[in-house]
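# Descriptive analysis of the structure
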Amino acid sequence: MNAIAIRDLTVSKRSPKRTKDNKGRHPLVGPASFAVPHGEVIGLYGPSGVGKSTMLRALVGLLPDGLDAEGVIRVLGVDVLRQRPSALAELRTRAVLVPQIAVMFPDGIIGNTLFGLRHVVRAPANQLRKRAEEALAEVGLWDEVRDRLNAPAAELSVGQRQRLALARALALDPEVILLDEPTSALDEASAAEVEETLQSLRGHRTLLVVSHDIEQLKRLCDSLVPLHRPTSTSN
Ligand SMILES: Nc1ncnc2c1ncn2[C@@H]1O[C@H](COP(=O)(O)OP(=O)(O)OP(=O)(O)O)[C@@H](O)[C@H]1O
């Protein structure tokens, strides 16, 4: 059974000029077809600009304005391209995208970890906090932050922020995590920490990891999927 199934997915940019051959569209991604079985870690790789980040955004219905997807995207049984916005919002709590640059809100470390959880899960505050703390432990950050949980998250190092962003996702207990270049902004030591965290998730979660670092993907993943440039683009 697949957690994610993509068939003939293309993403294109609407062009102001209509032409006979591309019907007014500039292809950016695909066509791509692949599947991510439940519980597996799959790596998506390809050169810069091939559309890896755009693909991840398409999977959870978060394409920017002006970009259109065609084909079939099924994530956790949801037909993403033919779904109401409310259903997509619900899906994004079960299949969570962790972006390349970890976004920190002007709040404390624990407040940042609770962000998302607070909006999605109805439970007493102490239970939510317990989940957030467990998620910080799961990414190996607990010992580094336990004495300053209310300190601004902006005080964290880049690597710690990346792990906090992962903890924020894990606190939701999602079935699927989509990771966009999880270590590309990090120095070697922080990258090794994040990689170790990802290794520890193996077997417990379904992960789709985007990276240009194929050696890293070989270490982390059960199998790899190449993404190719669209044939009819000048990218
Ligand atoms: N909002 C947008 N509007 C128009 N074009 C876009 C937009 N977002 C991305 N693109 C284009 O889509 C293509 C794919 O970009 P994307 O960022 O997905 O590539 P990538 O493989 O993730 O690259 P990198 O490895 O450098 O992060 C690029 O040609 C990019 O310029």
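Since we're looking at a predicted model, the values are computed, not measured.

Quick look at the overall build of the protein now. The helix and strand tally for the protein stands at 9 helices and 9 strands. In terms of overall dimensions, the protein is globule-like: its C-alpha atoms have a radius of gyration of 18 Å, near the 18 Å expected for 235 residues. Along the first, second and third principal axes, the C-alpha set of the protein runs to 65 × 40 × 35 Å. When each of the 235 residues of the protein is scored for burial, the buried share is 38%.

In the vicinity of the ligand lie 15 residues, with Ser-48, Lys-52, Ser-53, Thr-54 and Pro-64 positioned nearest. The leading source of residues in the shell around the ligand is helix α1 (residues 52–59), at 3 residues. Per-class residue counts for the shell around the ligand are 4 nonpolar, 9 polar and 2 charged.

One open sheet accounts for 5 strands, arranged β6-β7-β8-β3-β9; its pairing is parallel. Each having just a single partner strand, β6 (95–98) and β9 (223–226) make up the two edges of the open sheet. When strand polarity is set aside, the average angle formed by the axes of neighbouring strands in this sheet is 20°. For β6 and strand β7 (residues 176–180), the ladder comprises 4 bridges, and the chain directions are parallel.

What follows is about the nonpolar core. Judged by nonpolar contacts, the single largest core of 62 residues is most densely connected at Leu-59, Val-75, Ala-167, Leu-178 and Val-209. Look past the residues within four positions of Leu-178 in its chain and what remains in contact with it is Leu-56, Leu-59, Val-60, Ala-95, Val-96, Leu-97, Val-98 and Leu-208.

We now examine helix α7 (residues 158–170). Look at α7: 18 Å from first C-alpha to last across 13 residues, which is about the 18 Å you get at 1.5 Å a residue. Where burial is concerned, most of α7 is hidden: 12 out of the 13 residues are buried. Taken residue by residue, α7 has Gly-159, Gln-160, Arg-161, Gln-162, Arg-163, Leu-164, Ala-165, Leu-166, Ala-167, Arg-168, Ala-169 and Leu-170 as its buried positions. Buried positions along α7 lie against β6, α3 (109–114), α5 (125–138), α6 (142–145), β7 and α8 (188–201).

Our next topic: unusual backbone geometry. If you check the backbone angles, Asp-173 has positive phi at about 55° while not being a glycine. Its place among the elements puts Asp-173 in the loop between α7 and β7. A residue is classified by how many C-beta atoms lie within 10 Å of it, and Asp-173, with 15 of them, is partly exposed. Unlike most non-glycine residues, Glu-181 shows phi in positive territory, near 45°. Its place among the elements puts Glu-181 in the loop between β7 and α8.

Attention now goes to the environment of Pro-174. Topologically, Pro-174 is positioned in the loop between α7 and β7. Placed 81 residues apart in sequence, Pro-174 and Thr-93 show a C-alpha to C-alpha distance of 6.4 Å.

Let us look at the sheet that holds strand β1 (residues 2–14). Read across the sheet, 4 strands follow the order β2-β1-β4-β5 without closing on themselves; strand pairing throughout is antiparallel. The outermost strands of the open sheet, each flanked by one partner alone, are β2 (25–37) and β5 (78–79). Inspection of the sheet shows strand β4 (residues 67–75) paired to β5 by 2 bridges, in the antiparallel sense. Bridging across to β5, Arg-74 finds its partner in Asp-79. Contacting β1, β2 and β4, α1 runs over the sheet at an angle of about 60° to β4.

Looking now at the environment of Thr-183. Take Thr-183: it is sitting in the loop between β7 and α8. Take Thr-183: there are 23 C-beta atoms within 10 Å of it, and that puts it in the buried class. With 33 residues separating them along the chain, Thr-183 and Gln-216 place their C-alpha atoms 9.5 Å apart. When residues no more than four places from it in sequence are discounted, the contact partners of Thr-183 are Ala-191, Val-194, Glu-195 and Gln-216.

Here we take up the packing of α7 against α8. Between α7 and α8, whose axes approach to 9 Å, the crossing angle comes to 15°. When the interaxial angle is binned, α7 and α8 end up roughly parallel. Of the two possible hands of crossing, α7 and α8 adopt the one that is right-handed. On the side of α7, the interface is formed by Val-158, Gly-159, Gln-162, Arg-163 and Leu-166, while α8 contributes Ser-190, Glu-193, Val-194 and Thr-197. Partitioned by chemical class, the residues of the contact of α7 with α8 number 3 nonpolar, 4 polar and 2 charged.

Cut-off values and rules
Once a new chain begins, its residue numbering starts again from 1 and follows that chain's sequence as written. Thresholds applied to this predicted model are a pLDDT of at least 70 for local features of residues and 80 or more for the giving and counting of side-chain atom pairs; totals over whole chains, interfaces and linings are not thresholded and use all residues. Secondary structure elements are taken from DSSP: a helix is a run of H or I of four residues or more, a strand is a run of E of two residues or more, and numbering for both begins at the N terminus. Atoms counted for the radius of gyration: C-alpha only. Globule rule: 2.2 Å times the number of residues to the power 0.38. Here the C-beta atoms are placed from the backbone, and a residue counts as buried if at least 20 other C-beta atoms lie within 10 Å of its own, exposed if 12 or fewer do, and partly exposed otherwise. As used in this record, a residue near a molecule or strand is one whose C-beta atom, placed from the backbone, is within 6 Å of it. Note on residue categories: nonpolar means Ala, Val, Leu, Ile, Met, Phe, Trp, Tyr, Cys or Pro, charged means Asp, Glu, Lys or Arg, and polar means any other residue, Gly included. A pair of strands counts as paired when DSSP detects no fewer than two bridges linking them. Orientation is described by lines fitted to C-alpha atoms, with helices fitted over the stretch in contact, and by angles between N-to-C directions that extend from 0 to 180 degrees. The term nonpolar core refers to a set of buried Ala, Val, Leu, Ile, Met, Phe, Trp, Tyr and Cys residues connected through C-beta atoms within 7 Å. We call two residues in contact if the C-beta atoms placed from their backbones are at most 7 Å apart. Expected helix span is given by 1.5 Å per residue-to-residue step, counting one fewer step than there are residues. By definition in this entry, angles of less than 35 degrees are roughly parallel, angles greater than 145 are roughly antiparallel, angles of 65 to 115 are roughly perpendicular, and the rest are oblique. Note on convention: near helix rotated counterclockwise from far helix by under a right angle means a left-handed crossing. Clockwise means right-handed.

Taken by themselves, the reported measurements are silent on function.
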